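Listed below, chain by chain, are the residues.
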Amino acid sequence: MKRRGKQAALSKLEGLTAAELKEEWSRRFAAPIPKISSALLQLGLGYKLQEQNQGGLSREARSLLKQHTQADAAQASLPIPRKLTSGTRLVRDWHGTGHTVTVLEKGFEYDGKTWRSLSAIAKAITGTHWNGPRFFGLTKQHI
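Within each chain, residues carry numbers counting from 1 in the order of the written sequence. The predicted nature of this model means local features are confined to residues of pLDDT at least 70 and side-chain atom pairs, given and counted, to a pLDDT of 80 or more, with totals for whole chains, interfaces and linings taken over all residues. Excluding hydrogens and water, the side-chain values take into account all heavy atoms of the structure.

Chemist: Quick one: what's the story with the packing of aromatic side chains, residue by residue and with numbers?
Modeler: What counts as a ring pair is set by centres within 6.5 Å for rings of Phe, Tyr and Trp (its six-membered ring), and what kind of pair is set by the plane angle: stacked under 30 degrees, edge-to-face over 60, tilted for all other angles. In this structure the tally under the stated criterion is six aromatic pairs. Ring geometry for Tyr110 and Trp115: centres 6.2 Å apart, planes at 55°, overall tilted. The same class applies to Tyr110 as to Trp115, namely buried. Considering the side-chain rings of Trp130 and Phe135, the 4.9 Å spacing of their centres and the 70° angle between planes classify their relative orientation as edge-to-face. Buried means the residue's accessible area, taken with a 1.4 Å probe over protein chains only, is under 20% of the maximum for its type, while exposed means over 50%, and partly exposed covers the values in between. On the basis of relative accessibility, which here comes to 1%, the residue Phe135 falls in the buried class. Aromatic rings pair up to connect Trp94, Trp130, Phe135 and Phe136 into one cluster. Over the aromatic face of Trp130 sits the side chain of Arg92, whose NZ or CZ is 5.9 Å from the ring centroid. We note Arg92 situated over the ring of Phe135; from NZ or CZ to the ring centre the distance is 4.2 Å. Only when the NZ atom of a Lys or the CZ atom of an Arg is both within 6 Å of the ring centre and within 35 degrees of the ring normal do we say a charge sits over the ring.

Chemist: Before we move on, can you summarise the pairing of strand S1 (residues 89–94) with the specific residues and values?
Modeler: Walk down a regular strand and you will see the side chains alternate between the two sheet faces. Strand direction decides the pairing type here: S1 and strand S2 (residues 97–103), joined by six bridges, are antiparallel. When the bridges of S2 are listed, Val91 appears paired with Thr100. Only strands joined by at least two bridges in the DSSP assignment are considered to pair. A run of DSSP states H or I qualifies as a helix once it reaches four residues; a run of E qualifies as a strand once it reaches two. Both are numbered from the N-terminal end. Counting the residues between successive antiparallel strands, the hairpin from S1 to S2 contains two residues, one of them, His95, with a positive phi of roughly 50°.

Printed below as a string of structure tokens:
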């Protein structure tokens, strides 16, 4: 009987308006309502209901997530090269197609041609103006 009540509550979420979802969020989480779409509020509430019905993540799952979080944090703290050196390859996927740029002493090589800037290459790939270093995931500390 208890399970059926939870299933009904879960099904009820689909028919709630945005205002009703926000009210339900406040009641169940006792926290400020995040500025997200109604669909995401619905998913969050659905997860909360399932968690209450079936229990939350197991201790093993929480431990595994914690390990991955710590590994990601450790990897993020690795030193980043201060300058692009000749021979460095930059790889970017754009709409399912991989693009590789090789850093040269003067300029860049892409698609068999030498280019003066990453921005010109980004424009050739996308058809619109881009900040080249940003397009290839670089920040000021990379170049």
